[in-house]
Amino acid sequence: MDFRDSPEEAAFRDRLRTWLTEQKGKFPTSGDEYWAAQGDWHRALYGAGFFGTSWPKEFGGQELPPVYDVIVDEEIAKAGAPARPSLGYLVVGLGHHGSKELQQRFLPGMINGTERWCQGFSEPGAGSDLASLTTTATRDGDEYVIHGHKVWTSYSDVADWCLVLARTDKEVAKHKGISAFIVSMHRPGIEQRPLKMISGVTKEFGQVLFDGARVPVENMVGAPGEGWKLAMTVVSHEREPSTLGFSARYGKLVRQLSSRVDGPPPEALSWAWVQTEMLRLHVRRRLSEQLDGITHGPQGSLDKLLMTWTEQAVGHAALATVGTSDPELFGAYMYSRAQSVMGGTSQIQKNIIAQRILGLGV
Ligand SMILES: Cc1cc2nc3c(=O)[nH]c(=O)nc-3n(C[C@H](O)[C@H](O)[C@H](O)COP(=O)(O)OP(=O)(O)OC[C@H]3O[C@@H](n4cnc5c(N)ncnc54)[C@H](O)[C@@H]3O)c2cc1C
């Protein structure tokens, strides 16, 4: 393992640093303002050649190794710029399971940010046990008609498209009766209701109600009943190491907190430093393995768990160091509570590790 930049990586990093300096102050970095401007930030990053770097050229990417995403995350964190929008898991989901026609129609807009997306998987009664979802899609001629209730749908208020899981067959085993659809958020029969987070943010996610929304049959991703396979691809990539590149953001928060301390740091801050450093090195090892063609499958659950521990250790450090006196740092603490829930809870990750990596209870 050689963690130093290659000459090409160093040139990319330099170009990015210069560009980030020019963007200083143009885009909000937190709160509702960040979420409201996230689309502009996405398009600005893409336009300058710093977004979608590892994705296929055919769809507007640059096909660079995933380490370039980490460089982007590191430099963004150093510059104090807004976080890189995260949607790689949707690109991978559509890339693996969508037809060529769907990929050509939807991937370029998803990657360049001209079309915004959300992920409609979770429901009030189906989160960890996603296979028990009750939203239905019933075929009517050349369309499916959707009824149901999705919740915790990130970016639903600004989304043009939603990747929806819905039940198309009630007669087969739970997970075999689910299909995936690309649904326009601008059609009749769809209501989007914002949800307020503990941090006060109202723009990050909402609930989406489908009452007779229609979707053309050609917008089904894969064949009827193949929605579960797509869901598994999407959730396993939500935990992938290159998305963990934002460990750089945790490092920056730890440095920010350290600068507020006179004398010996609180124990929580020292622990956060240890965790952040551990995660940084772990991500680099994962990326080296990825470059060698090693895929990780269920090991993504280890990555997700490590990331959660780190984010929550940093959150506790913020609380121990500045309390509630700094809204941004206190916000980091509050947001960290969500990390053990989103993208699959910590308990579910531990179940996967126990069963699929350690072979326990099978
Ligand atoms: C910030 C954020 C963003 C999100 N974005 C999206 C999104 O864009 N799209 C989307 O579809 N969803 C999204 N979600 C939803 C997320 O995927 C679910 O919250 C998550 O899967 C947990 O489901 P649940 O909330 O229904 O909790 P439940 O599944 O009801 O779990 C409740 C508790 O029971 C535990 N538990 C459940 N089953 C088991 C088990 N078998 N073994 C041990 N413990 C168990 C859980 O670990 C948890 O502690 C988001 C969530 C958050 C917090």
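Residues numbered from 1 in each chain as written. Predicted model: local features only at pLDDT ≥ 70, side-chain atom pairs only at ≥ 80, totals over all residues. Heavy atoms only, no water.

### Some thoughts on the pairing of strand β5 (residues 178-184)
The condition is simple: Remark: exposure states derive from per-residue accessible area (1.4 Å probe, protein chains only) relative to the maximum for the residue type, with buried under 20%, exposed over 50%, and partly exposed in between. Only DSSP runs of H or I reaching four residues or more are called helices, and only runs of E reaching two or more are called strands; each is numbered from the N terminus. Strands are treated as partners if at least two bridges between them are detected by DSSP.
With respect to burial, β5 is a largely interior element, seven of its seven residues being buried. Going residue by residue along β5, you find Ile178, Ala180, Ile182 and Ser184 tucked away on one face and Ser179, Phe181 and Val183 tucked away on the opposite face as well. Relative to β5, strand β4 (residues 161-167) runs antiparallel, the two sharing seven bridges. Counted as the bridge partner of Arg167 is Ile178 from β5. Note that β5 and strand β8 (residues 220-221) share two bridges and pair antiparallel.

### Structural notes on the UniProt feature "domain: Acyl-CoA dehydrogenase/oxidase C-terminal" (unreviewed entry) in the protein chain
Heads up, the condition is: UniProt positions are given in the numbering used here, feature names are shortened, and annotations may be inferred rather than shown by experiment.
Per the UniProt record, the feature "domain: Acyl-CoA dehydrogenase/oxidase C-terminal" (unreviewed entry) sits at residues 272-358. Within the segment residues 272-358, helix and strand shares are 75% and 0% respectively, and the terminal C-alpha atoms sit 28 Å apart.

### Quick word on helix α6 (residues 227-237)
Think of an α-helix as turning once every 3.6 residues; residues three or four places apart then point the same way. We count it as follows: Two residues qualify as a contact provided that any one of their heavy atoms is within 4.5 Å of a heavy atom in the partner residue.
Looking at α6, one finds that the buried residues are Gly227, Leu230, Ala231, Thr233, Val234 and Val235. Elements that come into contact with the buried residues of α6 comprise α4 (88-97), β1 (117-120), β4, β5 and β8.

### Examining the UniProt feature "domain: Acyl-CoA dehydrogenase/oxidase N-terminal" (unreviewed entry) in the protein chain
When the UniProt feature table is mapped onto this chain numbering, "domain: Acyl-CoA dehydrogenase/oxidase N-terminal" (unreviewed entry) sits at residues 6-113. For the annotated span residues 6-113, helix accounts for 65% and strand for 0% of the residues, and the straight-line distance between the end C-alpha atoms is 29 Å.

### Details of the site of the ligand
Put simply, the rule is: If a single non-hydrogen atom of a residue is within 4 Å of a molecule or strand, that residue counts as near it. Any pair of nitrogen or oxygen atoms within 3.5 Å is treated as a polar contact; in protein, a donor-acceptor pairing is required on top of that, and neighbouring residues in sequence qualify only through side-chain atoms on both sides. Method for areas: the Shrake-Rupley scheme with a 1.4 Å probe, in which residue coverage is limited to the protein chains shown. The nonpolar class holds Ala, Val, Leu, Ile, Met, Phe, Trp, Tyr, Cys and Pro. Asp, Glu, Lys and Arg form the charged class, and all remaining residues, Gly among them, are polar. An automatic or database domain assignment supplies the start and end points of every domain.
Near the ligand you find 16 residues, and of these Ser122, Ser128, Trp152, Thr345 and Gln347 are the closest. Between Ser128 and the ligand, the recorded distance is 2.6 Å, taken from a side-chain N or O atom to an oxygen atom. The contact in question runs from a nitrogen atom of the ligand to an N or O atom on the backbone of Trp152, over 2.9 Å. Against a free-state accessible area of 980 Å², the protein chains account for coverage of 66% of the ligand. Of the residues in the shell around the ligand, the class split is six nonpolar, 10 polar and no charged. Built from parts of two domains, the shell around the ligand gets at least three residues from each of domain 2 (117-231) and domain 3 (240-358).

### What about the packing of α4 against α6?
Each pair of packed helices gets described by two things: the angle between the helix axes and the distance between those axes. As a reminder of what qualifies: Comment: axis = line fitted to C-alpha atoms, over the contacting stretch for helices; angle = value between 0 and 180 degrees taken between N-to-C directions. A crossing counts as left-handed when the near helix is turned anticlockwise from the far one by less than a right angle, and as right-handed when that turn is clockwise.
At a closest axis distance of 8 Å, the pairing of α4 and α6 adopts a crossing angle of 145°. Viewed along their axes, α4 and α6 form a crossing whose handedness is right-handed. Residues Tyr89, Val92, Gly93, His96 and His97 of α4 touch α6, and the partners they reach there are Lys229, Leu230, Thr233, Val234 and His237. Split into classes, the residues belonging to the contact of α4 with α6 amount to four nonpolar, five polar and one charged.

### Some remarks on helix α9 (residues 300-322)
Here is the rule: Multiplying 1.5 Å by the residue count of a helix minus one yields the expected span of that helix.
End to end, α9 covers 33 Å across 23 residues, agreeing with the expected 33 Å (1.5 Å per residue, within 8%). The buried fraction of α9 amounts to 17 of the 23 residues, a majority that puts the element mostly inside the structure. Gly323 lies just past α9 and shows a positive phi near 60°.

### Here we look at the packing of helix α2 (residues 31-47) against helix α5 (residues 100-112)
To keep things clear, this is the line we draw: By definition in this entry, angles of less than 35 degrees are roughly parallel, angles greater than 145 are roughly antiparallel, angles of 65 to 115 are roughly perpendicular, and the rest are oblique.
Where α2 contacts α5, the axes come no closer than 8 Å and their chain directions differ by 100°. As judged from the angle between their axes, α2 and α5 are roughly perpendicular. Here His42, Arg43 and Tyr46 of α2 come into contact with α5, specifically with Met110, Ile111 and Asn112.

### Focus on the pattern of salt bridges
For the record, the criterion: Salt bridge, as applied in this entry: a Lys or Arg side-chain nitrogen positioned within 4 Å of an Asp or Glu carboxyl oxygen.
Within this structure, the stated rule accounts for 23 salt bridges. Among the salt bridges present, the one from Asp73 reaches Arg84, with a minimum N-O distance of 3.0 Å. Note that Asp73 is positioned in helix α3 (residues 67-79) and Arg84 in the loop between α3 and α4, a separation of 11 residues in sequence. Here Asp73 matches Arg84 in class, with each residue buried. A salt bridge links Glu75 to Lys78, with the shortest nitrogen-to-oxygen separation between them at 3.4 Å.

### Thoughts on the environment of Ser199
Summarising the element assignment, Ser199 is placed in the loop between β6 (190-195) and β7 (205-216). Judged by relative accessible area, which is 31%, Ser199 ranks as partly exposed. Linking Ser199 and Met334, residues 135 residues apart in sequence, is a C-alpha distance of 6.2 Å.

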